[in-house]
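A closer look at the structure
As a plain string of letters, each chain reads:
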Amino acid sequence: SSLSKMAGTATRVARAGLLKASVPWLALQPTAKFSTLRDMTTTRKAVLGVMGVLGGGAAGMVYALNESVKASELELHCTTFPWPHNGYFSSFDHASIRRGYEVYKNVCAACHSLKYVAFRNLIGVSHTEAEAKEEAESVQITDGPNEEGHMFQRPGKLSDYFPNPYPNDEAARAANNGALPPDFSYITAARHGGENYIFSLLTGYCDPPAGVQLREGLYYNPYFPGGAIAMAQALYNEVMEYSDGTPATASQMAKDVSTFLRWASEPEHDQRKKMALKALMIFPLLIAISYYIKRHKWIVIKSRKFAFKPSSK
């Protein structure tokens, strides 16, 4: 320990001596200082500024181009289509809703339920009361129990909801290779893109690109997350016939069923816009009445003054 103390003392003495030594080049070493633009001319500052802006813009462009060519995902984002009901005060195309119901009934109802929509909801939208009652009676509804404690089948009524094609989720999975067909009641509200996504999905089936392998029972659709979807393409040209004689092309059926599903998820759409239009029509009258009361009634109260006059006694 004594040797280590002596070594430490010698080191401190040597450092102190070196610091106090008169070394010419050490004494003349200039101190570092930060460069500034104080002594630069205005022209040089402008040139440096322009160069900085151009350099930053070039760097940003290179980054954007680099990101745009990366194959970071195989999912396509659906296009926004000019739906007639997208305007601020535009209503649904009710003829399209009726045709969309026919597409759902003949094509989609075999796998997908619509359990939050009742037959009575069709009245005044796509069907008359008699037509809606006929549609309800065309299906069998499980009801009961009866007096003997058994469930039974009966014709549907207007108050009944659209029946589920499967008795439970396990039966639905077993019939679709393990995939559970989603309920269509709020499908446009539950999917990013709404009816644009539904239309793009129904018309977007194609062959998988090179290098993409799909297992048996799956189909390729670039609009579906992951690309592999268990639902086969369901809409083809002339796969059904419309009651009004409209040509049943695949795109026409996709457009009509997308409109129908948008209505199913938002049946108050037309009524909400109608109420908004009424509110906007009555607002000018309410504003005029408010201005009159403010200007001619309250102005006297707001502008009056209270003065204290002491008594002369």
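Being a predicted model, the structure only gives us computed values, none of them experimental. (Residues numbered from 1 in each chain as written. Predicted model: local features only at pLDDT ≥ 70, side-chain atom pairs only at ≥ 80, totals over all residues. Heavy atoms only, no water.)

Moving on, we come to the packing of aromatic side chains. Going through the model one piece at a time under the given rule, you end up with nine aromatic pairs. Taken together, a centroid distance of 6.0 Å and an interplanar angle of 65° make the contact between Tyr 101 and Phe 162 edge-to-face. In this pair, Tyr 101 is assigned in helix H4 (residues 94-108) and Phe 162 in the loop between strand S2 (152-155) and helix H6 (169-175), connecting sequence segments 61 residues apart. With a relative accessible area of 3%, Tyr 101 lands in the buried category. Three or more aromatic residues link up through ring pairs in this structure, and these residues are Tyr 101, Tyr 104, Phe 119, Phe 162, Phe 260 and Trp 263. One residue, Arg 99, lies across the ring of Tyr 242, its end atom 5.9 Å from the ring centre. (Phe/Tyr/Trp six-rings, centres within 6.5 Å; stacked < 30°, edge-to-face > 60°. Helix = DSSP H or I, 4+ residues; strand = E, 2+ residues; numbered from the N terminus. Buried < 20%, exposed > 50% of the residue type's maximum accessible area, 1.4 Å probe, protein only. Lys NZ or Arg CZ within 6 Å of the ring centre and 35° of its normal.)

Omega for the peptide link from Gly 144 to Pro 145 comes to 0°, which places this bond in the cis form. Within the element layout of this structure, Pro 145 appears in the loop between strand S1 (140-143) and S2. Here the phi dihedral of Asn 177 falls at roughly 55°; this positive angle occurs in a residue that is not glycine. Position of Asn 177 among the secondary structure elements: in the loop between H6 and helix H7 (187-190). At Glu 238, a position not held by glycine, the phi torsion is positive, near 60°. With respect to the secondary-structure elements, Glu 238 resides in the loop between strand S4 (228-229) and helix H9 (250-265).

What follows is about the nonpolar core. Inside soluble globular proteins, nonpolar side chains tend to come together where they are buried. Counting 37 residues, the largest nonpolar core has Leu 114, Leu 122, Phe 162, Phe 260, Leu 261 and Trp 263 as the members making the most contacts within it. For this core, the elements supplying multiple residues, two or more each, are H4, helix H5 (129-137), helix H8 (195-203) and H9. Per element, the largest residue contribution to this core is seven residues, and it comes from H9. Other than its neighbours up to four places away in sequence, Phe 162 contacts Tyr 101, Tyr 104, Leu 114, Lys 115, Val 117, Ala 118, Phe 119 and Leu 122. (Core = buried A, V, L, I, M, F, W, Y, C linked by side-chain atoms within 4.5 Å. Contact = heavy atoms within 4.5 Å.)

Following both chains from N to C, one finds H4 and H9 inclined at 100°, their axes separated by 7 Å at the closest point. The orientation of H4 with respect to H9, classified from their angle, is roughly perpendicular. In this structure, H4 contributes Ser 96, Ile 97, Arg 99, Gly 100, Tyr 101, Val 103, Tyr 104 and Cys 108 to the contact, and H9 contributes Gln 252, Met 253, Lys 255, Asp 256, Val 257, Thr 259, Phe 260 and Trp 263. Grouping the amino acids of the contact of H4 with H9 by side-chain chemistry returns nine nonpolar, four polar and three charged. (Axes fitted to C-alpha atoms, helices over the stretch in contact; angles between N-to-C directions. Parallel < 35°, antiparallel > 145°, perpendicular 65-115°, else oblique. Nonpolar A, V, L, I, M, F, W, Y, C, P; charged D, E, K, R; others polar.)

Turning our eyes to something else, we now look at the UniProt feature "transmembrane region" (unreviewed entry) in the protein chain. Per the UniProt record, "transmembrane region" (unreviewed entry) is annotated on residues 46-65 and 275-293. As annotated, residues 46-65 comprises 100% helix and 0% strand, and the C-alpha atoms at either end are separated by 28 Å. Here residues 275-293 is 100% helix and 0% strand, with 26 Å between the C-alpha atoms at its ends. (UniProt positions renumbered as here; feature names shortened; annotations may be inferred.)

Mapped onto the fold, Asn 196 is located in helix H8. Setting aside anything within four residues of it in sequence, one finds Asn 196 in contact with Cys 78, Thr 79, Thr 80, Phe 81 and Trp 83.

Per-chain confidence: the protein chain averages 86 in pLDDT, with 84% of residues scoring 70 or above. Averaged over each element, pLDDT in the protein chain is lowest for helix H2 (residues 24-27) (45) and highest for H9 (97). Residue range residues 18-32 is modelled with pLDDT below 50. Its contacts to residues more than four positions away, or to other chains, number zero contacts. (pLDDT = per-residue confidence, 0-100.)

A separate point is the side chain of Arg 154. In this structure, Arg 154 sits in strand S2. For Arg 154, a relative accessible area of 14% translates into the label buried. One polar contact links Arg 154 to Asp 143, side chain to side chain, over a distance of 2.7 Å. If near-sequence neighbours (up to four positions away) are discounted, Arg 154 is found in contact with Val 139, Gln 140, Ile 141, Asp 143 and Asp 160. (Polar contact = N/O pair within 3.5 Å; in protein donor to acceptor, adjacent residues only side chain to side chain.)

One turn of the α-helix equals 3.6 residues, which is why residues spaced by three or four share an orientation. Those residues of H5 lying buried are Ala 132, Glu 135 and Ala 136. Seen end-on, H5 carries its buried residues on one side only, within an arc spanning 100°. Opposite its buried face, H5 presents the exposed residues Ala 130 and Glu 134, each directed more than 90 degrees away. Contacts made by the buried residues of H5 are with H4 and S2. (Arc of directions from axis to C-beta.)

A word on the pattern of salt bridges. Under the counting rule described, the total for this entry stands at eleven salt bridges. Between Arg 154 and Asp 160 there is a salt bridge, with the nearest N and O atoms lying 2.9 Å from each other. Between Asp 256 and Lys 255 there is a salt bridge whose closest N-O contact spans 3.9 Å. Assessed through its relative accessible area of 0%, Asp 256 is described here as buried. Under the relative-accessibility criterion, Lys 255 is labelled partly exposed at 22%. Three or more residues joined by partner-sharing salt bridges are found here, namely Asp 93, Arg 99, Asp 244, Lys 255 and Asp 256. (Salt bridge = Lys/Arg side-chain N within 4 Å of Asp/Glu carboxyl O.)

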